[in-house]
Structure formats: C-alpha cells, structure tokens
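Residue strings, one per chain:
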Amino acid sequence: AQSVSQHNHHVILSEAASLELGCNYSYGGTVNLFWYVQYPGQHLQLLLKYFSGDPLVKGIKGFEAEFIKSKFSFNLRKPSVQWSDTAEYFCAVRRTGFQKLVFGTGTRLLVSP
Amino acid sequence: ETGVTQSPTHLIKTRGQQVTLRCSSQSGHNTVSWYQQALGQGPQFIFQYYREEENGRGNFPPRFSGLQFPNYSSELNVNALELDDSALYLCASSNRQDGSYEQYFGPGTRLTVT
C-alpha cells in the first residue's frame, strides 16, 4: 500500500533559523507531490506542488521543496522561518491515474520569537 | 470567488445514530473529495464524487456513503456511528478538467460521537 512518512512529528525553532521537514513516500510509479499547511484555527492550504520538470519547486511564503526521485523524497525547506510559520505541515502524494491524496501524519512546527 | 464551505461546523452525536455532513464546492469545481482526519493524524481519503457518481473509495466501510448534486455540492452520510468516527471531516473540491489535481479544502466539520 502506498504510504507517506514524515519523520519529524514536532519541530521547535527560533525565528530566523532554517527549516527542513522530511517526507518520503513508498510508491515507485509516477506521482504528484504536495505540501499543505494548516495554520492554527484555519483550513488546509496548499504551499506548493510538484508534477514534473524542475525538481526544485517554489511555493508561497518563501517555502521550497526538492523532489529526489532516487530517494523517494520531497523535503520542504525555508531558509529563515518566522513566528507566523507556526503551523502543522502535511506532505501528500497522488499516484498518477488516481484521484486520492495520501497524506503523511503531519509535522507540528513551533517557531519561537 | 467563493471557497469551499462545510456545514455544520461542529456536531455531537450518540453511538448508533446517523449523521449527514454537507459541502459546497468552490466555484468552477466539479469534483468533491471527502477525508477523515483523526486527532494527531493526517487526513485519510474516504471517497470522491465526480459527475454525481462515486469515483474512488478509500478503506472505509459501506456505512460511509455520499452524494453529489447537479450543482456539485456534496453530502457525506455516516450510519451506525461508532466512537472511532469522532474526527474532523474535510471536504475538498477540484476541477478534474484543468489537469492540476489541486484540491482546495474546506474548514471541516468536527464530529464527536459519545
């Protein structure tokens, strides 16, 4: 069965620190990859997505992610976090030809001012 | 542009009862997906509706059922509620024709089963 693993369940950083959240998936075929964010009290929002082409994708709010096919990974990065980045981050995978998104368990990020 | 809306926001039901949750898709979207998000977990795919028919289903029993209406809005029905059905139920809409497969999520309905 297809699965998505997010290794960091809780991350605490100070403002201006760099961020990298890991995401690995188990499916070997062609996939579409997504990172969603859920700010406190708000609904899931798309940060960025990868379908094809340049494996380094840029999203909103200064986030980027790199797709490494050989490692089945799609890690999320931000060079300098802000207090407003405090949220829960979900990696999701869609297998080509299927409609459903398979989500990881999420990573709670707390950025201290 | 109106986003995805869901109703009700919160709901408390007793074990064995039935519940109906509602979702209005974003303007221009023809596909609705439903997800269950238990506490501390990522969303789990329940099923998807396209052209008023179920189009893909996750690992959920038949007591989870749904409908999609001609205006693309949707309902999720859960019969014979169990305590483990307590969760946040998310609706997501998308446009199957635009090729992006990007799903836009609503705020969710928090269901508590006692």
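Residues numbered from 1 in each chain as written. Chains lettered and ligands numbered in written order. Predicted model: local features only at pLDDT ≥ 70, side-chain atom pairs only at ≥ 80, totals over all residues. Heavy atoms only, no water.

Visitor: Please clarify how the interface of chain A and chain B should be interpreted in this entry.
Guide: Interfaces are often sized by the accessible area lost when the parts come together. Listed by partner, the interface residues are 17 residues for chain A and 20 residues for chain B. Here chain A packs against chain B, burying approximately 1,600 Å² in sum over the two surfaces, 56% of which is carbon and sulfur. It is A:L44, A:Q99 and A:F103 in chain A that bury the most area against chain B; as a group they hold 34% of the surface buried on that side. Remark: the boundary between chain A and chain B carries one salt bridge. The tally of links from chain A across to chain B stands at three residue pairs in polar contact (both at pLDDT 80 or more). Of all the secondary-structure elements, those providing two or more residues to the side of chain A that touches chain B are β5 (31-38), β6 (45-50) and β10 (87-95) of chain A. No other element matches β5(A), which puts four residues into the side of chain A that touches chain B. Of the residues assigned to the side of chain A that touches chain B, the class counts are eight nonpolar, six polar and three charged. (Contact = heavy atoms within 4.5 Å. Buried area = accessible area lost by both parts, 1.4 Å probe. Salt bridge = Lys/Arg side-chain N within 4 Å of Asp/Glu carboxyl O. Polar contact = N/O pair within 3.5 Å; in protein donor to acceptor, adjacent residues only side chain to side chain. Helix = DSSP H or I, 4+ residues; strand = E, 2+ residues; numbered from the N terminus. Nonpolar A, V, L, I, M, F, W, Y, C, P; charged D, E, K, R; others polar.)

Visitor: Is there a simple way to think about the side chain of B:S25 in this case?
Guide: Checked against the element boundaries, B:S25 lands in the loop between β3 (19-24) and β4 (31-37). If we ignore the near neighbours within four places in the chain, the residues touching B:S25 are B:G3, B:V32, B:N71, B:Y72 and B:S93.

Visitor: Explain the pattern of salt bridges here, please?
Guide: Where charged atoms from two side chains of opposite charge come close, those side chains can pair. Scanning the entire structure with this criterion turns up ten salt bridges over all chains. We note a salt bridge from A:R77 to A:E66, for which the minimum N-O separation is 3.2 Å. Of the two residues, A:R77 is situated in strand β9 (residues 73-78) and A:E66 in strand β8 (residues 64-68); the sequence distance between them amounts to eleven residues. We classify A:E66 as partly exposed; its relative accessible area is 29%. Here B:R63 makes a salt bridge to B:E82, at a shortest N to O gap of 3.3 Å. One end of the pair, B:R63, is in the loop between β6 (53-57) and β7 (64-68); the other, B:E82, is in the loop between β8 (74-78) and β9 (87-94), with 19 residues separating them in the sequence. The exposure class assigned to B:R63 is buried, which follows from its relative accessible area of 17%. The exposure class of B:E82 is partly exposed, given its relative accessible area of 39%. One salt-bridge network, held together by shared partners, links A:K58, A:E64, A:E66 and A:R77. (Buried < 20%, exposed > 50% of the residue type's maximum accessible area, 1.4 Å probe, protein only.)

Visitor: I would appreciate a short explanation of the state of the cysteines in the present structure.
Guide: Disulfides are covalent bonds that link the sulfur atoms of two cysteine residues. Residues and elements named next belong to chain A. Within this structure, the stated rule accounts for two disulfides over all chains. Disulfide partner of C23: C91, at an S-S distance of 1.9 Å. Its torsion about the S-S bond being -65°, the disulfide of C23 and C91 is classed as left-handed. One end of the pair, C23, is in the loop between β3 (19-21) and β4 (24-25); the other, C91, is in strand β10, with 68 residues separating them in the sequence. Looking at C91, the relative accessible area reads 0%, which means it is buried. (Disulfide = S-S within 2.5 Å.)

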